[in-house]
Amino acid sequence: MRTVFTILSLLFVTTSSASTLIYNVRGYTLEGDELIKFYALEYDRNLVTARFVTKEAAGKSTAQTRINGRGLVLLPGLIDAHGHVAALGVTLDSADLTGAQSETEAAERLREVKATSKRAWVYGGGWNQTLWDSGEFPSRTSLDKIIADQPVVLTRVDHHALWVNSFALEAAGITDETPDPAGGVIVRDANGVATGVLIDNAMNLINDAAPEPTLLSKRREIMRSTRYLASIGITAVHDAGASAIELDAYESLLSDGELPIRVYAMLRIADPAIQRKLELGPWEDEARMYSARSVKIYTDGALGSRGAALLEDYSDEPGNRGYLLNEEADLAELMLNALNQGYQLNVHAIGDRANTLVLDKFEALNQDSESRLRRHRIEHAQVLQLSDINRFRDLGVIASIQPTHATSDKNMAGDRLGEARLEGAYLWKTLLKAGARLAGGSDFPVEPPNPFYGLHAAVTREDRNGDPLGGWRPNERLTRIEALSLFTTDAAYAGHAEDFLGQLAPGYAADFILVRDDYFEVPERNIWRNEVEATVVGGELVFKSETSPIQ
């Protein structure tokens, strides 16, 4: 196993060696459940060396470089514990269908991409049929009217369904007679004609026909994505399922010194080429800019596309309980194999059947004492049986949650689950009260990556329009400290980095952001409106606004 871990000695860190002091800030950091306020932060190259509570104390610093923070708010760098980095890079360069109110509007948004794109295939994403009056999946015919001479591939908002045109179906060899693959659906109309919508494993039929990505294309996607993430205050991200070629791209960027933020990569087990990476074992570079010590395994699909595996029928589609993307025996084998290779297991589970199944597998694996020490995670943990809540604490399994999902799904979730099952859905506060460990992310580009959107959703349980007033299922609202912890200390713990990331204290990484609004003072409804003035990773400025005091 090629594991490299940096041991940081804190005993000889002194203020006399520090090179930079940023002062006149409203600084905040967490130490456990305690909120620490400070006036100035001192750092030497990549590490924090001192924290000063008052102006008088800061005056004793011997830092050579001094930066006036002009009263801005200084927070620890925010960590997104679940995002899809390369996919965001593609999204930033594709048709954005987010918020389209009809199938026609979504299709019409392709016209601009058609005029400007130089790609052989046209990509886009963000469509959501639950926002449309019809509530029905779209059809390839509306895409054919816009683009008929190139393959068009449009990803649903949850990334568990594709909407494609006829040219794409033909390129993939999909006909009306093509059978549904295991764990997937080729949606057909009443006459058995393929409509152009493919769900979960059926998406692979399209993806396998698409042009092969190159190392250069993946580097570009990752650079586009990570630079954008830095601009919105994210200093570290957990990439929830990186393919082998994406891991190659990360290593190439790291070697060239071109990673602007820290990346904690989960190896995507579903990638046929991942075995060559998996066998190398967990790895982390000395500066802790890049880690590959966990795996991503899928259990089921998503709630919006009715692919989440439920114990009972969907309330709005009797006879359908979703499905498993990996059958139980296959799931157990995948988990055991990755565990034996030394990895943390991060398993996607949304439906109550899927969550119970994964917890059962973790319980079996934890018979080996080494297993629990890996800090295994369930990614999403959206719909739970009430009897499973305490098992997260008992098994030491982290619930890796995405607060904006609750505010985006609030209308759809009731239709899918019915009122009784909602009692076990999106239970962030309940899990915390039960003693479970959580971590916060966004699931970008399924949701916007802006971490202040996630903080706002966690605190208010309202969407950014303030709906519903007082919050959806408000008993699950978090305090501002609990919410900030999700994206700092908790996310650091979930990535085995709590000794180095997530807080601002001597010996920790100099990862911080300067922002306009005071997160702890601004009205709750405005938390999401905050803007980043500067982002610093390892003491290096990786983003600055035009008005940033750090230049």
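Scroll up to find the structure.
Residues numbered from 1 in each chain as written. Predicted model: local features only at pLDDT ≥ 70, side-chain atom pairs only at ≥ 80, totals over all residues. Heavy atoms only, no water.

Enquirer: Would you explain helix α11 (residues 328-340) in this entry?
Expert: In an α-helix, one full turn covers 3.6 residues, which means residues spaced three or four apart are oriented alike. Across its 13 residues, α11 extends 18 Å between first and last C-alpha, which sits within 8% of the 18 Å expected from 1.5 Å per residue. Along α11, the residues that are buried comprise Leu 331, Met 335, Ala 338 and Leu 339. In a view along the axis of α11, the buried residues occupy a sector of 105°, so they form one face of it. Counted as exposed and oriented over 90 degrees from the buried face of α11: Ala 329, Glu 333 and Asn 340. Those residues of α11 hidden inside the fold are in contact with β18 (290-298), β19 (344-349), α12 (352-365) and α13 (369-373). Just past α11, the residue Gly 342 takes up positive phi, approximately 100°. (Helix = DSSP H or I, 4+ residues; strand = E, 2+ residues; numbered from the N terminus. Expected span 1.5 Å × (residues − 1). Buried < 20%, exposed > 50% of the residue type's maximum accessible area, 1.4 Å probe, protein only. Arc of directions from axis to C-beta. Contact = heavy atoms within 4.5 Å.)

Enquirer: It is not clear to me how the sheet that holds strand β23 (residues 512-515) should be interpreted in this structure. Could you clarify?
Expert: The strands making up a sheet associate through hydrogen bonds between their backbones, and the pairing can be parallel or antiparallel. Pairing within the open sheet is mixed, and its six strands lie in the order β3-β2-β7-β23-β24-β25. If you trace the sheet from one side to the other, it starts and ends with β3 (34-38) and β25 (540-544), each paired once. On average, each strand axis in the sheet is inclined to that of its neighbour by 25°, with strand direction left out of account. Bridge count for strand β2 (residues 26-31) against β3 is five bridges, and the pairing is antiparallel. Bridging from a neighbouring strand, Thr 29 pairs with Ile 36 of β3. (Pairing = 2+ DSSP bridges. Axes fitted to C-alpha atoms, helices over the stretch in contact; angles between N-to-C directions.)

Enquirer: Can you walk me through the pattern of salt bridges in this structure?
Expert: Side-chain pairs of opposite charge can arise whenever the charged atoms involved come near each other. Overall, the coordinates contain 36 salt bridges when judged by the stated rule. In this structure, Glu 419 and Arg 473 form a salt bridge, with 3.4 Å as the shortest nitrogen-oxygen distance. Of this pair, Glu 419 sits in helix α15 (residues 403-422) while Arg 473 is found in the loop between α17 (451-460) and α18 (480-486), placing the two residues 54 residues apart along the sequence. Here Arg 477 ties to Glu 524 by a salt bridge, and the two come within 2.8 Å at their closest N and O atoms. Of the two residues, Arg 477 is situated in the loop between α17 and α18 and Glu 524 in the loop between β23 and β24 (532-537); the sequence distance between them amounts to 47 residues. What you see here is one network of salt bridges that share partners, running through Asp 248, Glu 251, Arg 276 and Lys 277. (Salt bridge = Lys/Arg side-chain N within 4 Å of Asp/Glu carboxyl O.)

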